[in-house]
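As a plain string of letters, each chain reads:
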Amino acid sequence: NDNFNRPSNNNNTCYNLLIVTALNYCGLKYKTFNITVARHPIAINMDNFIYYAFILLYCFVQPGDMKTLSVTLRNQYVSKVGRQEWIKNDTVVSWDAGNTAFVIVDMWNQHWCPTATTRVAELAVPMNSFITVARNMGSTIIWAPSDVTSYYQGTQARRNTVVLPNITIPPSNKRNAPPFPLSTQTDGGCDTPAPQGSPWTHQIDTLKINDRDFLIAADTQEFYNVIKADKKHIENIVYMGVHENMCIMNRPFAIEELISWGWTGNNVAVVRELVDVMYTPVDSPYVSHADGLKLHTEYVEKFWVSSVSMYDWLVPSYR
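In what follows, the accompanying structure is described. Source: prediction; values computed, not measured.

So, on to the packing of aromatic side chains. Each aromatic ring pair is summarised here by two numbers: the centre-to-centre distance and the angle between the ring planes. On inspection of all chains with the given rule, the structure shows ten aromatic pairs. An angle of 55° between the planes, with centres 5.2 Å apart, marks the rings of phenylalanine 130 and tryptophan 313 as tilted. Placement of the pair is phenylalanine 130 in helix 3 (residues 114–136) and tryptophan 313 in helix 9 (residues 311–317), with a sequence separation of 183 residues. With a relative accessible area of 0%, phenylalanine 130 lands in the buried category. Of the aromatic side chains, those joined through ring pairs into one cluster are Trp86, Phe180, Tyr299 and Phe303.

Looking now at the pairing of strand 7 (residues 140–144). In terms of burial, strand 7 is a largely internal element, five of the five residues being buried. Judged by which residues are buried, strand 7 turns out to be covered on both faces: Thr140, Ile142 and Ala144 on one side and Ile141 and Trp143 on the other are all buried. The sheet contact formed by strand 6 (residues 100–105) and strand 7 spans five bridges and is parallel. By the bridge assignment for strand 7, phenylalanine 102 is matched with isoleucine 141. Taken together, strand 6, helix 3 and strand 7 form a β-α-β motif whose crossover is right-handed.

Looking now at the environment of valine 148. By the element assignment, valine 148 lies in the loop between strand 7 and helix 4 (156–162). Under the relative-accessibility criterion, valine 148 is labelled buried at 3%. Separated by 53 residues in the primary sequence, valine 148 and threonine 201 place their C-alpha atoms 5.7 Å from one another. Excluding anything up to four places from it in sequence, valine 148 contacts Trp108, Trp200, Thr201, His202 and Gln203.

Another point: the pairing of strand 9 (residues 236–241). Most of strand 9 sits inside the fold, with six of its six residues counted as buried. Judged by which residues are buried, strand 9 turns out to be covered on both faces: Asn236, Val238 and Met240 on one side and Ile237, Tyr239 and Gly241 on the other are all buried. For strand 6 and strand 9, the ladder comprises six bridges, and the chain directions are parallel. Looking at strand 9, one finds that isoleucine 104 is bridged to methionine 240. Across four bridges, the pairing between strand 9 and strand 10 (residues 268–275) is parallel. Note on strand 10: the bridge partner recorded for tyrosine 239 is valine 270.

Relative to the assigned elements, arginine 119 resides in helix 3. What arginine 119 contacts, discounting residues up to four positions off in sequence, is Asp191, Asp276, Val277 and His289.

Criteria and cut-off values
Every residue gets a number counted from 1 within its own chain, in the order that chain's sequence is written. Predicted model: local features are reported for residues with pLDDT of at least 70 only, side-chain atom pairs are reported and counted for 80 or more only, and whole-chain, interface and lining totals are derived from all residues. For the side-chain quantities, the full set of heavy atoms in the structure was used; hydrogens and water were omitted. When two rings of Phe, Tyr or Trp (its six-membered ring) have centres within 6.5 Å they constitute a pair, described as stacked for plane angles under 30 degrees, edge-to-face for angles over 60, and tilted for the intermediate range. We count a stretch as a helix when DSSP gives it H or I for four or more residues in a row; a strand needs E for two or more, and each element gets its number in order from the N terminus. Each residue is placed in one exposure class: buried if its accessible area under a 1.4 Å probe, protein chains only, is under 20% of its type's maximum, exposed if it is over 50%, and partly exposed if it falls in between. Two strands are said to pair when DSSP picks up at least two bridges between them. Note on handedness: a clockwise path from strand one over the helix to strand two, with the strands aimed away from the viewer, defines a right-handed crossover. Residue contacts are defined here by distance: any two heavy atoms, one from each residue, within 4.5 Å place the two residues in contact.

Structure representation (structure tokens):
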């Protein structure tokens, strides 16, 4: 009959139960176990070992880790019957939230292209809501701000990343895919005249980083360490941010690299409402910026990975 009274909180209760359950398993029988819940002492009879094993399972498995979500993966393929044409294919799959990671790419506070800055601000509001829902479900959030990583030196999200041990990166087998459909020859793809530069200093303030998150540099090793970290078991990776025809595709942590390791469109996707492209309509294929974004997302669906809708996550959270 030992007393393990500590400051009253769920974690201490869980650890106390773990200690006593382990002792019982080893043959050191504790008949009672005193805990304090909301300042009220409670004596627990340890005769029913299985019952307390389930209490331990409840304590140490976070609710978010057990959540699943129906996700519609969209990709495209060429029809093999009749005339050749691209067919959109929407497939509903079940993803474990705890096995899913989200990578947020280069959502900076300011871009040298004024319209890019405006569109980032427009994306950031629904993106922050989306990330909050995903995090609350138990998913892993990976911030990838590239050039401004040093701004976050010493933050918990950055520390969560740099303490991880290095894991051997697999060999790279680059995919041979057609070139991107959007030219960025004129003004780097900016649709307003502007001098190029590097005015960004940090991520846009609309996006809120949590202490449970990870924040990586533009570094393949850091990215791989996170997605292969012990107890993470990441099976699905979803990208959002800017720009879909640049950094989301070809950064060291981006889609092209991931696919080169053997990942497929069944487990990799972009959120089509939460991305943008660098493109001006004076360049090929001479369409509007909105149509250019749609065109590039369809290119991704055809030759690289799937796309998903943010509403697959947001709508269930409205209930």
